[in-house]
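Examination of the molecular architecture
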Amino acid sequence: MAELKYMTGFGNEFATEDPRCQGALPDGQNNPQVCPYGLYAEQLSGSAFTCPRPANKRSWLYRIRPSVCHKPFTAVHHEGLVDRWDEVEPDPNQLRWLPFAIPKAAEGKVDFVMGLHTICGAGDTRARSGIAIHVYTCNSSMIDRWVLSLYFMPQQGKILITTEFGKMMVEPNEICVVQQGMRFSVDVFGETRGYVLEVFGVHFELPDLGPIGANGLANPRDFLVPVAWYEDREVPGGYTVVNKFQGKLFLSQQHFSPFDVVAWHGNYTPYKYNLDNFMAVNTVTFDHADPSIFTVLTAKSTRPGVAVADFVIFPPRWGVADHTFRPPYYHRNCMSEFMGLIKGHYEAKEEGFLPGGASLHSIMTPHGPDVDCFEKNSTAMLKPERVAEETMAFMFESSLSMVVTRWGLQTCQRLDKNYYKCWEGLQSHFNPNWKPGSK
Ligand SMILES: O=C(O)Cc1cc(O)ccc1O
Ligand SMILES: [Fe+2]
């Protein structure tokens, strides 16, 4: 496959034409009486028409047929996708999952849609407020079916995401955002696993940088947006459209490929980002900075400073803090912390938290380094050191109190029942006779 092309920038006004149809974008207006090449003009809105300019998102698509040409949607049951948060009783325990099992190709084809499972979430798709976290495990490409709206993190196996806006190849260590309403299809190249965050109703933004200044963390120029690509393909057997609506899936048929957008312009686009481009900022003196310093993207709530979901990473970096216990501190947090591991080891738990697995520390549930991590780092010689080399852990940090699904707690059978034991060996080191200067 030829190298894919991308445009650069976060939230820019982009304009792109498939090179086979130069001049497909109308000159100086959005909906001329007749569009170049006989295309249909269609607007995709990502925000209310009346949103203030900085938050206003929409794109204009110039396509062979408008999306409205399809047979009626009919409901279909999907065992793995959940939007009801009362399936099982709440569980405030520290939860950790072993790597989620990937179906073997020999046991049958499982594509991205079939392999999606909701693990936890909160809120309401109808009120458009809340989130859901899913994992996908699959071994086959989607054949003539597509779905809507997600934030992808491949963990094993690259995925080719074909969208109405063009194609993106997304490898482990990259993230990809396909926004609400955008049609896409996922091709895989073997056994494939990854994490998906779905945010109902708001869009990811780059965090403000405050005193960091004008540059740093995720820089806008490193976000990549696909260029227009179309296919004019009749599908006699019918192309299946999978529509996720109010938390449920609906199918409809159409006789042509939905990837028939010849040109588009606008600022409501899918995009991808390679986490190696993250410019991490951290202490050069002492103490452990809060993990918000590693925020890549944030989905804000209406309360200032409070996120519906922050996407935070723990990238390879230098640790240089003086007279400091360098790993994460012990804590209870007024936010929920869902973590996953793309590769390597996580510094607070060298054992047991594995690539393709996950953990959830709910609101006010105590957690922190395991025994080994505490012992090692309380006595370590503090020299400048590489932290998390060849590693990429991430966290979805949410102000919502997340509910774990029946699949997450029971059906997946990946819950590590012994997780709590990783803290059991933490001894009291209390010395009532301690004096300043003594060890
Ligand atoms: O719990 C965790 O491992 C995530 C985390 C990391 C960190 O550096 C500080 C706080 C925090 O919640
Ligand atoms: Fe934490």
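Residues numbered from 1 in each chain as written. Chains lettered and ligands numbered in written order. Predicted model: local features only at pLDDT ≥ 70, side-chain atom pairs only at ≥ 80, totals over all residues.

So, the nonpolar core
- Of all hydrophobic cores here, the largest spans 101 residues; its most connected members are Tyr62, Ile131, Val261, Val262, Ala309, Phe338 and Phe394.
- Examining the composition of this core, we find that eight residues originate from one element, strand E12 (residues 174–188), more than from any other.
- Once residues lying within four places of it in the same chain are set aside, the contact partners of Val261 are Leu61, Tyr62, Arg63, Glu164, Phe165, Ala228 and Tyr230. (Core = buried A, V, L, I, M, F, W, Y, C linked by C-beta atoms within 7 Å. Buried ≥ 20, exposed ≤ 12 C-beta atoms within 10 Å, placed from the backbone. Helix = DSSP H or I, 4+ residues; strand = E, 2+ residues; numbered from the N terminus. Contact = placed C-beta atoms within 7 Å.)

Quick look at the site of ligand 1
- Around ligand 1 sit Pro291, Pro328, His331, Asn333, Glu337, Ala348, His361, His367 and Met395, and those are all the residues in its vicinity.
- Partitioned by chemical class, the residues of the shell around ligand 1 number four nonpolar, four polar and one charged. (Near = placed C-beta within 6 Å. Nonpolar A, V, L, I, M, F, W, Y, C, P; charged D, E, K, R; others polar.)

What to know about the sheet that holds strand E6 (residues 95–97)
- The antiparallel open sheet is built from six strands, whose spatial order is E6-E23-E22-E25-E20-E19. Edge positions in the sheet fall to E6 and strand E19 (295–300), since each of these pairs with one other strand and no more. Direction aside, the axes of adjacent strands within the sheet are offset by 15° on average.
- Sheet topology note: the strand E22 (residues 336–343)/strand E25 (residues 392–398) ladder contains seven bridges and is antiparallel. In the strand pairing of E25, Ser336 is matched with Ser398. (Pairing = 2+ DSSP bridges. Axes fitted to C-alpha atoms, helices over the stretch in contact; angles between N-to-C directions.)

Some points on the environment of Phe256
- Checked against the element boundaries, Phe256 lands in strand E16 (residues 248–256).
- The class for Phe256 is partly exposed, based on 17 C-beta atoms found within 10 Å.
- The sequence separation of Phe256 and Cys69 amounts to 187 residues, and the corresponding C-alpha distance is 9.2 Å.
- Ignoring any residue separated from it by four or fewer positions in sequence, one finds Phe256 in contact with Arg65, Arg233, Glu234, Val235 and Tyr239.

Side note on the pairing of strand E11 (residues 166–170)
- Counted residue by residue, E11 has four buried out of five residues, so it is predominantly covered.
- Examined bridge by bridge, strand E10 (residues 159–163) and E11 share five bridges and lie antiparallel to one another. Residue Thr162 lies in a different strand from E11, and its bridge partner there is Lys167.
- If you look at the hairpin formed by E10 and E11, you'll find two residues sitting between the two strands.

Details of the confidence of the model for the protein
- Of the residues in the protein, 98% have a pLDDT of 70 or more, and the chain-wide mean is 95.
- We note a pTM of 0.96 for the whole complex and an ipTM of 0.99 for its interfaces. (pLDDT = per-residue confidence, 0-100.)

Things to note about the environment of Ser252
- Structurally, the position occupied by Ser252 is in strand E16.
- Between the alpha carbons of Ser252 and Val241 there is a distance of 5.1 Å; along the sequence they are eleven residues apart.
- Look past the residues within four positions of Ser252 in its chain and what remains in contact with it is His70, Lys71, Pro72, Phe73, Val241 and Asn243.

Some details on the sheet that holds strand E2 (residues 14–17)
- Spatial ordering of the open sheet is given by E2-E17-E4-E3, a layout of four strands whose pairing is antiparallel. With one partner strand each, in any of the chains shown, E2 and strand E3 (40–45) form the two edges of the open sheet. The sheet shows a mean angle of 20° between the axes of neighbouring strands, direction not considered.
- Two elements, E3 and strand E4 (residues 58–63), share six bridges in a ladder whose sense is antiparallel. The residue of E4 that forms the bridge with Ala41 is Tyr62.

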